[in-house]
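So you can see what is in the structure, the chains are spelled out below.
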Amino acid sequence: MLRRSLLLALCLPVVTAVSARDLDVAGAPIRPAKPDPAIARALDQVSATEIEHTIRTLVAFHTRSTLSSMEKDLPSGQGINAAADWIEAELKRYSAECGGCLEVKRDVFTAPPQNRIPQPTTLTNVYAVLRGSDPAQSKRMYLVTGHYDSRNSDNFDARGEAPGANDDASGVAVSLASAHVLSKLKPAATLVFVAVAGEEQGLVGSRHLAQLAKSAGWQLEGVLNNDIVGGNTTPGERLQDKSVVRVFSEGIPATATPEQAKQLDSLGYASDSPSRELARAIDDVGATYSARFRAQLEFRRDRFLRGGDHTSFNQEGFTAVRFTEWREDFNHQHQNLRTDNGVEYGDLIKFVDFRYVAQVARLNAATLATLAAAPPPPANPQLVTTDLDNNTTLLWEGEAPGAHYEVVWRELTAPQWQRSITVTDRKVTLPISKDNVLWGVRSVDAAGHRSLTVVPAPQLPKR
Ligand SMILES: [Zn+2]
């Protein structure tokens, strides 16, 4: 006994010195994927000049208040109905350039009187569908949206000036720019480019579209909501960061039952909702296409006191995130145009940086194109947790011809996936303790397009 202890004492320091941590013994650190030349060419076509034209045109409608749709005697060319007509015409123009590749549609409905809607009011969401080129993949869909309605200080003012240049003509410009450049590609999965109304009235337009998507069985794998992505440029603002855009994502899914939420928390899965995996994918794709502009992942559903259209999709059980500039100027949102004590109020075009919006559009378009080109994510991933051991066994299902899989992992405190290993089978056992890391699996095609990562459900002991 004594001899054995002595031996152990002699051996231990040596073993410690040469051994690595188990989570580093397999795979390799994750590097950005190689760019897809066709996607890179499409991103080069995103034009700050065209984005400026979009935002200037939307601002020129004087107001895009959702309530203006019911005003009978607005001067011609003013109000939200005129804006809807222009967005529809613009999408049809892009479609004409690609031989009619876009289906341009309107989702029109009457919202009943509610909190911020005094009378039955017509709302119009405008969108274009680029059908996936692969019949086996075209049911899979990714959607990008911004809200084209605007408001000033008075939510009920249907006629007063409400330029909404940053909030949210900038987001609509991202949807339109994505539609224009991606309609020249032929992604395998379907893309939907959207401008919704009624955001300022309580996410009314996006709620209707999300419910339509659910009832029509849209297989929406991800929704990108762009709201206030103008890169607010206020004289004297020194803390703006034009090299990043914030990406907000929910942790526990909005549709989780209290029981499910408790379980996710107890498993350490509170930061691994599908929406958060979408946010991680945006960061991952961003690193492939730009070293100078990146997604800043914000692990919360939205900013304090504010909401956004991604939440409408989250509430219907869809995966959805929100893009917003680094630092907002609240004097330039929801304000009547005026100068008080030397401070200029109003959401004016002069505070928007079109080149910044173009960067955000490139990140959106790169994400949409990559995820729509990638194979479907693995199905039904499982983490075997039935035995007490220091290994990890993962298994999953799915048919992705020509694709392989990547198992990814990270330390429990790390925000982003750190290491990966390529697997051709649908099962793997690694000598890494499942207690110390979080696991995910994704599909990758021969060109290197990575699918969204899915997190394995633990096989809990049967009760
Ligand atoms: Zn907004």
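Given the structure is predicted, the values throughout are model-derived calculations rather than measurements.

As for the sheet that holds strand 4 (residues 140-147)
For step 1, the next point in the chain: Sheet architecture is open: eight strands sit in the order 2-3-5-4-6-9-7-8, paired in mixed fashion. Bordering the open sheet on either side are strand 2 (102-111) and strand 8 (294-298), each of which pairs with just one other strand. Neighbour-to-neighbour, the strand axes of this sheet turn through a mean angle of 25 degrees, independent of strand direction.
For step 2, the next point in the chain: Pairing between strand 7 (residues 244-249) and strand 9 (residues 320-325): five bridges, direction antiparallel. Note on strand 9: the bridge partner recorded for Arg246 is Thr324.
For step 3, the next point in the chain: Contacting strand 2, strand 3 (121-130), strand 4, strand 5 (190-196) and strand 6 (219-226), helix 5 (residues 165-182) runs over the sheet at an angle of about 145 degrees to strand 4.
For step 4, the next point in the chain: Packed on one face of the sheet, helix 8 (residues 274-289) meets strand 6, strand 7, strand 8 and strand 9 and runs near 160 degrees to strand 8.

Side note on unusual backbone geometry
For step 1, the next point in the chain: Each neighbour pair has its own omega, and for Asp167 with Asp168 the value is 5 degrees, a cis peptide bond.
For step 2, the next point in the chain: Here Asp168 shows up in helix 5.
For step 3, the next point in the chain: Positioned with a positive phi, His62 is a non-glycine residue whose angle comes to about 70 degrees.
For step 4, the next point in the chain: For His62, the position within the fold is in the loop between helix 3 (48-59) and helix 4 (80-97).

Thoughts on the pairing of strand 15 (residues 419-423)
For step 1, the next point in the chain: Relative to strand 15, strand 1 (residues 28-29) runs antiparallel, the two being bridged by two bridges. Counterpart to Ala28 in the pairing with strand 15 is Ser420.
For step 2, the next point in the chain: As defined by bridge partners, strand 14 (residues 404-411) adjoins strand 15 across five bridges and the pair is classed as antiparallel. Bridging across to strand 15, Val408 finds its partner in Ser420.

Topic: the packing of helix 8 against helix 10 (residues 354-373)
For step 1, the next point in the chain: Where helix 8 meets helix 10, the closest approach of the two axes is 9 Å, and the angle between their N-to-C directions is 105 degrees. Taken together, the axis directions place helix 8 and helix 10 in an arrangement best described as roughly perpendicular. Judged by residue contacts, Ala281, Ile282, Val285, Gly286 and Tyr289 of helix 8 engage Arg362, Leu363, Ala366, Thr367, Thr370 and Leu371 from helix 10.
For step 2, the next point in the chain: Of the residues belonging to the contact of helix 8 with helix 10, the class tally is seven nonpolar, three polar and one charged.

Some points on the sheet that holds strand 14
As a general point, the strands of a sheet are linked pairwise by backbone hydrogen bonds and lie either parallel or antiparallel.
For step 1, the next point in the chain: As summarised here, the arrangement of the four strands in space is 1-15-14-17, forming an open sheet in which the pairing is antiparallel. Edge positions in the sheet fall to strand 1 and strand 17 (437-444), since each has one partner strand and no second.

Things to note about the domain arrangement of the chain
Interface extent is often summarised as the accessible area lost during association of the parts.
For step 1, the next point in the chain: Considered domain by domain, the chain is made up of domain 1 (37-373) and domain 2 (376-459).
For step 2, the next point in the chain: With centres defined by C-alpha atoms, the gap from domain 1 to domain 2 works out at 31 Å.
For step 3, the next point in the chain: With 17 residues of domain 1 in contact, the opposing surface of domain 2 contributes twelve residues.
For step 4, the next point in the chain: When contributions to the side of domain 1 that touches domain 2 are tallied by element, the ones reaching two or more residues are strand 6, helix 8 and helix 10.
For step 5, the next point in the chain: In terms of residue count, the dominant contributor to the side of domain 1 that touches domain 2 is helix 8 (six residues).
For step 6, the next point in the chain: Looking at the side of domain 1 that touches domain 2 residue by residue, the classes come out as seven nonpolar, three polar and seven charged.

Let's talk about the pairing of strand 5
Note on strand geometry: in a regular strand, side chains alternate between the two faces of the sheet.
For step 1, the next point in the chain: Taken across its seven residues, strand 5 has seven buried, putting it largely inside the fold.
For step 2, the next point in the chain: Side chains Thr190, Val192, Val194 and Val196 of strand 5 all project onto a buried face; the interleaved residues Leu191, Phe193 and Ala195 project onto the opposite face, where all are buried too.
For step 3, the next point in the chain: Bridge count between strand 3 and strand 5: five bridges; the pairing is antiparallel. Residue pairing for strand 5: Val129 is matched across the bridge by Val192.

Notes on the environment of Arg419
For step 1, the next point in the chain: Tracing the chain through its elements places Arg419 in strand 15.
For step 2, the next point in the chain: It is 18 Å that separates the C-alpha atoms of Arg419 and Leu278, two residues lying 141 residues apart in sequence.
For step 3, the next point in the chain: Not counting residues within four places of it along the chain, the set of residues in contact with Arg419 comprises Gly27, Ala28, Pro29, Ile30, Val408 and Trp409.

Structural notes on the nonpolar core
For step 1, the next point in the chain: In terms of nonpolar packing, the biggest core is built from 108 residues, with Ala173, Leu182, Val357, Ala361, Ala365 and Ala369 touching the most fellow members.
For step 2, the next point in the chain: Ranked by residue count, the leading element in this core is helix 10, at 14 residues.
For step 3, the next point in the chain: Summarising the domain contributions, this core has at least three residues from each of domain 1 (37-373) and domain 2 (376-459).
For step 4, the next point in the chain: The contact partners of Ala365, leaving out residues within four places of it in the chain, are Ala42, Leu43, Val46, Ser178, Val181 and Leu182.

About the thresholds
Residues numbered from 1 in each chain as written. Predicted model: local features only at pLDDT ≥ 70, side-chain atom pairs only at ≥ 80, totals over all residues. Pairing = 2+ DSSP bridges. Helix = DSSP H or I, 4+ residues; strand = E, 2+ residues; numbered from the N terminus. Axes fitted to C-alpha atoms, helices over the stretch in contact; angles between N-to-C directions. Contact = placed C-beta atoms within 7 Å. Parallel < 35°, antiparallel > 145°, perpendicular 65-115°, else oblique. Nonpolar A, V, L, I, M, F, W, Y, C, P; charged D, E, K, R; others polar. Domains from an automatic or database assignment. Buried ≥ 20, exposed ≤ 12 C-beta atoms within 10 Å, placed from the backbone. Core = buried A, V, L, I, M, F, W, Y, C linked by C-beta atoms within 7 Å.

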